[in-house]
Amino acid sequence: MEDMEALPVRFPSRQHNHSSCVNKLLGDAEEECRRQKLRFTEHRRKVLEIIASSHKPLGAYDILEQMNFSGRRQAPVVAYRALDFLINLGLVHRLNSLNAFVACMAVGEDHTAQFLICRQCKNVGELNSNRVSERIEKDAVEAGFQVDQQLVEIIGICYECAESG
Ligand SMILES: [Zn+2]
Ligand SMILES: [Zn+2]
Ligand SMILES: [Zn+2]
């Protein structure tokens, strides 16, 4: 785990202790809300727990289904608001290519993420490379293009899926 800190790459291994990922994320979420004087409501926590249940991205529909609102009419609105809240706080990232959501692996760190999406196990990792984002920014600016946001999603195969053929 220690040398993972040195590299700007985070990809979940099969053997990792996922409950510690979830605990860390929920702790970071509480901390972040306290710091910004925002409320970590039950719905916000629930949506975050659902998304963080694995490192595989979840679509909005899957999230709604797991919210288990049993037919309450406001349910989708509440869920979407909670989702927006979590995205704005940097706890959840939206993957545009999959139209799905994944929990951040580097909460609290000011980071741009390039996402590593394994097409086999479906797990998503983050390449938090400032070198990449600075390079894109620099080249875009040189071309006279002003960057608002970078959405970099890399599809491929992770180390363990490649190993198991
Ligand atoms: Zn995990
Ligand atoms: Zn992140
Ligand atoms: Zn994989």
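The paragraphs below set out a description of the structure included in this document. No experiment lies behind these values; they were computed from the predicted model shown.

Once that is clear, we can look at the packing of helix H4 (residues 60-67) against helix H5 (residues 75-88). Running from N to C, H4 and H5 point in directions that differ by 115°, and their axes come no closer than 10 Å. Classified by chirality, the crossing of H5 by H4 is right-handed. Of the residues in H5, those in contact with Ile63, Leu64 and Met67 of H4 are Ala75, Pro76 and Ala79. By residue class, the composition of the contact of H4 with H5 is six nonpolar, no polar and no charged.

With that settled, the discussion passes to the pairing of strand S4 (residues 114-118). Across the five residues of S4, five count as buried, placing the element largely inside the fold. Here S4 shows no split at all, with Gln114, Leu116 and Cys118 on one side and Phe115 and Ile117 on the other all buried. Bridging between S4 and strand S5 (residues 124-127) involves four bridges; their strand directions are antiparallel. Counted as the bridge partner of isoleucine 117 is valine 124 from S5. Between S4 and S5, which pair antiparallel in sequence order, lie five residues; one of them, lysine 122, sits at a positive phi of approximately 70°. Pairing of S4 with strand S6 (residues 152-156) involves five bridges; the strand directions are parallel. Following the sheet pairing, cysteine 118 is matched in S6 by glycine 156.

Take helix H6 (residues 130-142) next. Here H6 is 13 residues long and its end C-alpha atoms lie 18 Å apart, about the 18 Å a rise of 1.5 Å per residue gives. Burial within H6 is sparse, with just zero of its 13 residues counted as buried. Positive phi shows up at glycine 144, right after H6, with a value of about 80°.

In this section: the environment of isoleucine 136. The topology assignment puts isoleucine 136 in helix H6. Judged by C-beta crowding, with 16 C-beta atoms within 10 Å, isoleucine 136 ranks as partly exposed. In this structure, the C-alpha to C-alpha distance between isoleucine 136 and glutamine 150, residues 14 residues apart in sequence, is 8.4 Å.

Here the focus is the sheet that holds S6. Taken in spatial order, the four strands of this open sheet run S1-S5-S4-S6, and their pairing is mixed. Of all strands in the sheet, those with a lone pairing partner are strand S1 (9-10) and S6, marking the two edges.

Take the nonpolar core next. Counting residues in hydrophobic clusters, the biggest one holds 30 residues, and the most contacted among them are Val47, Leu48, Ile51, Leu86, Leu91, Val92 and Ala103. Excluding residues within four positions of it along the chain, leucine 91 makes contact with Leu25, Ala29, Leu48, Leu86, Ala103, Cys104 and Val107.

Reading the values: the criteria
- Residues numbered from 1 in each chain as written.
- Chains lettered and ligands numbered in written order.
- Predicted model: local features only at pLDDT ≥ 70, side-chain atom pairs only at ≥ 80, totals over all residues.
- Axes fitted to C-alpha atoms, helices over the stretch in contact; angles between N-to-C directions.
- Helix = DSSP H or I, 4+ residues; strand = E, 2+ residues; numbered from the N terminus.
- Left-handed = near helix turned anticlockwise from the far one by under 90°.
- Contact = placed C-beta atoms within 7 Å.
- Nonpolar A, V, L, I, M, F, W, Y, C, P; charged D, E, K, R; others polar.
- Buried ≥ 20, exposed ≤ 12 C-beta atoms within 10 Å, placed from the backbone.
- Pairing = 2+ DSSP bridges.
- Expected span 1.5 Å × (residues − 1).
- Core = buried A, V, L, I, M, F, W, Y, C linked by C-beta atoms within 7 Å.

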